[in-house]
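# Survey of secondary and tertiary structure
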Protein chains: 2
Amino acid sequence: MQRSYISEVTAGKQNKIAGFVENIRNKRTMAFLVIRDITGKLQVTVEKEKYPEVAAIVDQLTLQSVVTVTGEVVENEYVKMGGKELLAEKMEIQSVAEALPIGPESAPDLRMDYRWIDLRAEKNQLLFQVQTAFVAAMREFLVNKNFIEIHSPKICGAASESGADVFGLDYFDRKAFLVQSPQFYKQMAMTSGFDRIFEVGPVFRAEKSHTNKHTTEFTGFDLEFSYIDNMYDVMKMEEELLTYALAKVKEQYGEKIKETFGLEVIVPTTPFPVIKLADLYKELEARYGFTVPEEEKGDLTTEAERLCKQFAMEVYGHEFLFITDYAAEKRAFYHMRNAEGVPQGYDLIWRGCEITTGAQREHRYEVLKAQAEEKGLKKDVEFYLEFFRYGAPAHGGFGLGVDRLTMLLLGLTIKEAMFIFRGPDRVTP
Amino acid sequence: MQRSYISEVTAGKQNKIAGFVENIRNKRTMAFLVIRDITGKLQVTVEKEKYPEVAAIVDQLTLQSVVTVTGEVVENEYVKMGGKELLAEKMEIQSVAEALPIGPESAPDLRMDYRWIDLRAEKNQLLFQVQTAFVAAMREFLVNKNFIEIHSPKICGAASESGADVFGLDYFDRKAFLVQSPQFYKQMAMTSGFDRIFEVGPVFRAEKSHTNKHTTEFTGFDLEFSYIDNMYDVMKMEEELLTYALAKVKEQYGEKIKETFGLEVIVPTTPFPVIKLADLYKELEARYGFTVPEEEKGDLTTEAERLCKQFAMEVYGHEFLFITDYAAEKRAFYHMRNAEGVPQGYDLIWRGCEITTGAQREHRYEVLKAQAEEKGLKKDVEFYLEFFRYGAPAHGGFGLGVDRLTMLLLGLTIKEAMFIFRGPDRVTP
């Protein structure tokens, strides 16, 4: 007999289900189990005299053991869980669980040691179903717009973008490095005439930060496309992408997210609001008396970033906010600059957290080379500069962090939002 | 004006196109350019006296420069390429190319140094369009079957599967390793009750092999699912997945693949043929006089693997062949074994090349631990064995290499099929 999902069992018929034992009440003549699979929970009722073999198996079970159970499913108004129960006629043990080393009250770090058990919580399973739908919708949006998916190398002979914060690697008889982001390779694809590309893959950052939103390894969602006129083309692509994906997520999981995480999935309106960084600081001062020293005004401070949540909602009734016109010394050398030297890039803030840096890129070899040198970058970017010598279209793009998006969508910390977290002190499980 | 793809220009109207300059014929009164974008090529004709500014720009152009051109598109039966030309009224240079360092006749290694230029070839662009469609179809198949997408860590504190062939990493003040495959983590997801998962991501192998199908970094397509009865459930999932994806690829790109690579995309029939390894060796001997020493018969030799192409086609009229019943000492410790000690796993051969190892996994902690010890594995797999102590469903799965699939589909070597190849001697660009 084919196994059924618990959400799909048919009352009045024989069903075979399989899952983890969530609860056991083993009485004298009857036993009641709660079995959980990815779709839900079901009460399994055992008449011990009638089915002594099943009763003998129940005696061996511990919480979180895994079983297969076959029997008739009947309606029963006294059963709290969905008003149904399965009357077990046959039971097989797949695995008997030892006593669990963690519970819901365990310290976060211990829960992380046993992440696979922690992930059994319904909310954690929903989390990854939602993330799957979110990312699938983003890919679908891009594939429909003729984006090609690339898989760029994660091992590189040069230390890439800045030379700092890069993990070194023993590569046979030489040293190599873990690529910090697919930035250089997605731009390479533009010089190959690939026109539009995206990549979903791991991104490595050897940063010793201990915050609620940083990690040494995360999943990047990066894209790049050619023949743009300016950074506004890039911003438009991004707002359309996010709007499309959030609409899909809301449609599929909006209700469940509200029930489980207490958060509304809001499909944003387009265009997203845009503000220049200097204007934002003026507004934050005028509205909230928020000030920063003059020398910090070229970049967005962490506190200003947080305030953007309230500001964007109050002024624009929006969860998203594009911020443009950062100081050139605070931006990557490959951002194109206008005649006044202002980088043609932006940050996108969602719910008070930066989710993207995007930009039109500098595709003119001589200008790019000069901008790299100005930042003191030489040897490590040489291979990258080469890409622009033999013909390169105007292009731009941006990168999103899949884990960070999930974190913000569901109101979590980054550690909670990741399948398995990696930080300076954490390389297991 | 919005830029049009070259394949979508409208005759009798103004169009704006952008692309690489593929050819230049600069005559006294006229100039003829061929412009190429991701969708095709178009002749651009310049009447030099009428448009002196355009003529001046043409004088600056080199091959593979990138331009934007605006003008009316007209039908012209004398134009070989599609019978259309664009009469340029306006032209802008995006980038002037230096003289190219490689041509189609350059040595493979030099072409790889300048991979981004090599990727401009139409066949290379098609390659990645096909791969995008192939992988998108596989993901679609799985998401429709309730598979959750995971992104498992690539950095790990333990050296994973075998301890050999693993890249070491400087991780702050300690040593860490690059994960060889998501195997352990996809099984972990099973013990988390995720039921069905897949992952597409980089896989790292510190192997010093120099063959036409090996590489130190490739893109793995891995999946795992629970509550299976035996390995045949896994094989069935794989044949359905590949059949679905190949049908989609054929529909979308079958004609183009035939034109460009001279290969037919064959949508396989299901079920795929299955043979036991010992029976295969008997057949290969009887049919082709092929023999191997007795001590090598527990595994598939490279030459036997190649012969499977002819054998599968002759006997089953099929491009695919499942091979089962390998010797336990040749298979990973985590493959489940039957009462006779035969691993419940398989290899799948396509066009004479192994594309998958799949299996039902051993989910019983004590048995798994014993099998690991039998292979001499201890410390490095300790963290993995823990996953199975607190409840674990029966499960199985397999892994495919995206690059190898593409290679076989289009009749290429692995170096040709990869966006950027990585080997023991190659970590650039």
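All of the points below concern the structure found in this document. Not measured: the values here are computed from a predicted model. (Residues numbered from 1 in each chain as written. Chains lettered and ligands numbered in written order. Predicted model: local features only at pLDDT ≥ 70, side-chain atom pairs only at ≥ 80, totals over all residues. Heavy atoms only, no water.)

### Quick notes on the side chain of T191(A)
Here T191(A) shows up in helix α5 (residues 183-191). Residue T191(A) is classed as buried on the basis of its relative accessible area, which comes to 0%. There is a polar contact of 2.7 Å between the side chain of T191(A) and the backbone oxygen of M188(A). Those residues in contact with T191(A), other than ones at most four positions away along the chain, are F387(A), F388(A), G391(A), A392(A), P393(A), F20(B), W116(B) and R120(B). (Helix = DSSP H or I, 4+ residues; strand = E, 2+ residues; numbered from the N terminus. Buried < 20%, exposed > 50% of the residue type's maximum accessible area, 1.4 Å probe, protein only. Polar contact = N/O pair within 3.5 Å; in protein donor to acceptor, adjacent residues only side chain to side chain. Contact = heavy atoms within 4.5 Å.)

### Focus on the sheet that holds strand β1 (residues 14-26) of chain B
All names here are of chain B. Ordered in space as β1-β2-β3-β5-β4, the five strands form a closed barrel in which the pairing is mixed. Between one strand axis and the next, the sheet turns through 55° on average, direction left out of account. Sheet analysis places strand β4 (residues 66-75) next to strand β5 (residues 84-95), joined by 10 bridges and oriented antiparallel. From the neighbouring strand, V73 faces β5, where its bridge partner is L86. (Pairing = 2+ DSSP bridges. Axes fitted to C-alpha atoms, helices over the stretch in contact; angles between N-to-C directions.)

### Structural notes on the environment of L400(B)
Residues and elements named next belong to chain B. Tracing the chain through its elements places L400 in strand β16 (residues 395-401). For L400, a relative accessible area of 3% corresponds to the buried category. Excluding its chain neighbours within four sequence positions, the residues that come into contact with L400 are M138, T219, G220, F221, E238, L241, L242, I355, T356 and L405.

### Description of helix α9 (residues 365-374) of chain A
All names here are of chain A. Of the positions making up α9, those classed as buried are Y365, L368, Q371 and A372. The arc enclosing the buried residues of α9, seen along the axis, measures out at 130°, which places them on a common side. Those residues of α9 that are exposed and angled more than 90 degrees off the buried face are E366 and E374. For α9, the elements touching its buried residues are α10 (382-386). (Arc of directions from axis to C-beta.)

### A closer look at the relation of the copies chain A and chain B
Of the transformation placing chain A onto chain B, the axial shift is 0.0 Å and the rotation is 180°, giving an RMSD of 0.0 Å. Both copies are brought into coincidence by an operation consistent with a two-fold rotation axis. Distance from the rotation axis, computed per C-alpha, reaches its smallest value in chain A at L169(A): 2.3 Å. Comparing contact sets, 100% of the residues at the interface of chain A also lie at the interface in chain B, consistent with an isologous, same-surface contact. (Least-squares fit on C-alpha atoms with pLDDT ≥ 70 in both.)

### Digging into the packing of helix α4 (residues 122-144) of chain B against helix α11 (residues 402-410) of chain B
Two packed helices can be described by the angle between their axes and the distance between those axes. Residue and element names in this part refer to chain B. Contact geometry for α4 and α11: axes closest at 10 Å, N-to-C directions at 120°. One way to sum up the angle between α4 and α11 is to call them oblique. Judged by the sense of rotation from one axis to the other, the crossing of α4 with α11 is right-handed. Mapping the contact onto sequence places L127, V130, Q131, F134, V135 and M138 in α4 and V402, D403, L405, T406, L409 and L410 in α11. Here the residues of the contact of α4 with α11 are counted per class, giving nine nonpolar, two polar and one charged. (Parallel < 35°, antiparallel > 145°, perpendicular 65-115°, else oblique. Left-handed = near helix turned anticlockwise from the far one by under 90°. Nonpolar A, V, L, I, M, F, W, Y, C, P; charged D, E, K, R; others polar.)

### Some remarks on the interface of chain A and chain B
Each partner contributes residues to the interface: chain A has 97 residues there, and chain B has 97 residues. Ranking the residues of chain A by area buried against chain B places W116(A), Y227(A) and Y390(A) at the top, with a combined share of 10%. For the pair chain A and chain B, the interface holds 10 salt bridges. Two residues, E149(A) and R139(B), come together in a salt bridge whose shortest N-O distance is 2.6 Å. At the junction of chain A with chain B, the criterion picks out 48 residue pairs in polar contact (both at pLDDT 80 or more). At nine residues, the largest contribution of residues to the side of chain A that touches chain B is made by helix α4 (residues 122-144) of chain A. (Buried area = accessible area lost by both parts, 1.4 Å probe. Salt bridge = Lys/Arg side-chain N within 4 Å of Asp/Glu carboxyl O.)

### What to know about the state of the cysteines
Residue and element names in this part refer to chain A. All chains considered together, the criterion is met by zero disulfides over all chains. As a non-bridged cysteine, C353 has C308 as the owner of its nearest cysteine sulfur, 11 Å distant. When its relative accessible area of 5% is taken as the criterion, C353 is described as buried. (Disulfide = S-S within 2.5 Å.)

### Notes on the pairing of strand β10 (residues 196-204) of chain B
Residue and element names in this part refer to chain B. Burial analysis of β10 places nine of its nine residues in the buried class, which makes it a mostly covered element. The pairing of strand β6 (residues 148-149) with β10 spans two bridges and is classified as parallel. When the sheet's bridge partners are listed, I148 is paired in β10 with I197. When β10 meets strand β11 (residues 217-226), the two strands line up antiparallel, connected through nine bridges. Bridge pairing links I197 to E224 in β11.

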